[in-house]
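Structure assessment
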Amino acid sequence: MLKTTKKVMAILLAAMFMLAMIPFSASAATDNVNFTVKCEKTGFTFTVYQLATLDTTTGTYDVKATDEDVVDAFQTVPTNASDNTVAKAVLAAAEGADLSKLGTALPETYTSGSGTKDYTVAPGVYYIKPTTTPAGTKKAAGSIVALPYYNGTTSTWVDTYATIDLAGKVDASPVSLTKVIEDGKDNGDTWTTAGLGGTVNFKLTSDITGSATTPLTTYVFKDIMAEGLTFDGDSSVTVTLKGDSASETLGKANYEVKTNVTEDSDTYTFTVSINSAYLAGAEFYNYKTVEVTYSATLNDKAKLNSNENINKAKLTYGSGSSTSSTNWSQVTVYTYGLQVEKVDANNENTKLEGAVFQVTKQGESIVLATATTGADGIGVFMNDGKAYQFDAGTYTITETTAPTGYNKNTEAIEVTIEASKTLATTYQQVRITNTPALLPETGGNGTMLFTIIGGALVLCAGAMYILVFRKRTSK
C-alpha cells in the first residue's frame, strides 16, 4: 500500500509545473479548474491548447498532444517538488511543436488589449500560445498552466489560478530607423554640404525584430533621393549586423540591392532587402541592429541653397502578409551658388559689363567655373552652361579679362562660403572693383592722347624750322 501511495504521489509531482509558478497536484474533488489571462500589449491573439487531462480519481494524465517531444517530456518525473525540469522540458517541446500536434485547441481565443479573460476547463495541463502576432514581433513565447496544484504553504489544493500576465512573454515594441550623414563635418548628422561631383556618405540604423521562433520573411530598406543626388550603386552598399560586443558584415549572397523600384505608388531610388532564407535562420536574431551604409554624388540638378536636396529612407518588415513600416527618416544636402558684381572703383553705382573671372578651390589650380558680367555688372559662375554648385569652403577668384576702358584687377580675391541652411539668397555675391585705364590699351581710346601729343610736336618742329630758315635768308 505504501509503495502504491508513493507511486501515485510521484505521478502527481510530475504534474507540478508551469513557468514561474509553484508546483501543482491534483484533487479528487475537483471537476473544473479556472484561470484568468491578460495582456495589455496590443496586436496579439492567444490560443489555449489542452496538452493533457488529469484524472483526479486515479491521479493519471492522458496526454492529448501527439508531438513526440511533448509526449516524452511527460514521462519524466522530478525527484522532488522543487525540480521544474519537467516543466521546462514540456514548455520547450511545446514551443517547437507544430500547432496541429498540440492536442485540442480551446475554441475561445484571447485578444490582447481587451482586458482579462476567464477560462473554466477540465483539470489538466494547458499551453497558452500567441498564435497571431504583430509584424516584426521580437518575442512571442508561450506559457504553461497546470491545475489543480498543491499549495505546500497552506496545505490546500488550489483549483483556481489568479490572473496570468502574458505581457512578459511577448514583445512587439516599435521598430525604429534612423538616417545620418557620415562626413566628418561639424554640421550635425542630419545635414551636410557638397559641391558638384562631391560624395555624400549615408548610414541607416534599424532595430532587429522577430526571433528564431517567430522569424521575419520581409526586411527591406527603401530609399528615395532627390534628383540632385545620384546613387553610387550597389558597390557602395555595406550591410552590417551589430550586437553588444560583436558585429558581422553580410556577404552579398544574403541581401539584394535593386534600383528604380516602384511599389505602393512610390518609386524608390533603390532598396536593400535581407534575403528571406537568411531571415529564416537563427543567426540574424543574435544581433540587435542592422547598419546599411552607402553613398551618393551631388549632380548638376541639385538645387542651390535649398532644402530640397533630400535623401529619405524607411524600413518595411514583417512575416508573410503582415507587414509594417517605420516612419521616414531624412537628411538634407546643401549646395551653394556664387556670383560676382563688377563696379567702377570711383563710382560703385556704375556697373561694368564684359569682365571675365575664374574660380578655383583655395590652394588648388583646377578651374571650377567661370563668370562673365552682364550689363548689370553681375556674373554667375557657370560650368558647361549651368550654374556651378559649390561646397562650403574658401575659394580664389581671379579676373582674366577686364571691361573695356578699365584696368584688370590683378588681386587674387579670397571668398568663403559658409555652411548654412538659412542663406537669404540663391547666390553668394562678391563685389569687385576696377579702375579706369590711364595707360593705352591696344585698340583702346588711350592712343588718342599720343596722337595729339605727336601732332603738337610735329607742328612745333615745323615752326622752328621756318624761323631758322628765315634768319638764314635775311643774312
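Residues numbered from 1 in each chain as written. Predicted model: local features only at pLDDT ≥ 70, side-chain atom pairs only at ≥ 80, totals over all residues. Heavy atoms only, no water.

Remarks on the sheet that holds strand E6 (residues 116-121)
Taken in spatial order, the three strands of this open sheet run E6-E1-E12, and their pairing is mixed. Of all the strands in the sheet, just E6 and strand E12 (160-165) have a single pairing partner and so form its edges. Averaged over all neighbouring strand pairs, the angle between strand axes comes to 20°, with direction disregarded. In this sheet, E12 lies alongside strand E1 (residues 33-38) in parallel orientation, the contact comprising four bridges. Its bridge partner lying in E12, phenylalanine 35 is registered against tyrosine 161. (Pairing = 2+ DSSP bridges. Helix = DSSP H or I, 4+ residues; strand = E, 2+ residues; numbered from the N terminus. Axes fitted to C-alpha atoms, helices over the stretch in contact; angles between N-to-C directions.)

Quick look at the packing of aromatic side chains
Considering all chains together, one arrives at 18 aromatic pairs under this definition. When the ring of tryptophan 191 is compared with that of tyrosine 334, the centres are 5.6 Å apart and the planes differ by 90°; the resulting orientation is edge-to-face. Placement of the pair is tryptophan 191 in strand E15 (residues 191-193) and tyrosine 334 in strand E26 (residues 329-334), with a sequence separation of 143 residues. Look at tryptophan 191 and you get buried, because its relative accessible area is 12%. When its relative accessible area of 6% is taken as the criterion, tyrosine 334 is described as buried. For the pair tyrosine 278 and phenylalanine 284, a centre-to-centre distance of 6.2 Å together with 80° between the ring planes defines the contact as edge-to-face. (Phe/Tyr/Trp six-rings, centres within 6.5 Å; stacked < 30°, edge-to-face > 60°. Buried < 20%, exposed > 50% of the residue type's maximum accessible area, 1.4 Å probe, protein only.)

With respect to the pattern of salt bridges
Evaluation of the coordinates by the stated rule reveals 15 salt bridges. Put simply, lysine 117 and glutamate 108 hold a salt bridge, and the shortest N to O gap is 3.0 Å. Here lysine 386 makes a salt bridge to aspartate 300, at a shortest N to O gap of 3.1 Å. Taken together, the positions of lysine 386 in strand E32 (residues 386-387) and aspartate 300 in the loop between strand E23 (289-298) and strand E24 (310-319) put the pair 86 residues apart, joining distant regions of the chain. When its relative accessible area of 40% is taken as the criterion, lysine 386 is described as partly exposed. Owing to a relative accessible area of 36%, aspartate 300 belongs among the partly exposed residues under this scheme. Counted as one network, the salt bridges with shared partners bring together Glu182, Lys203, Lys242 and Glu291. (Salt bridge = Lys/Arg side-chain N within 4 Å of Asp/Glu carboxyl O.)

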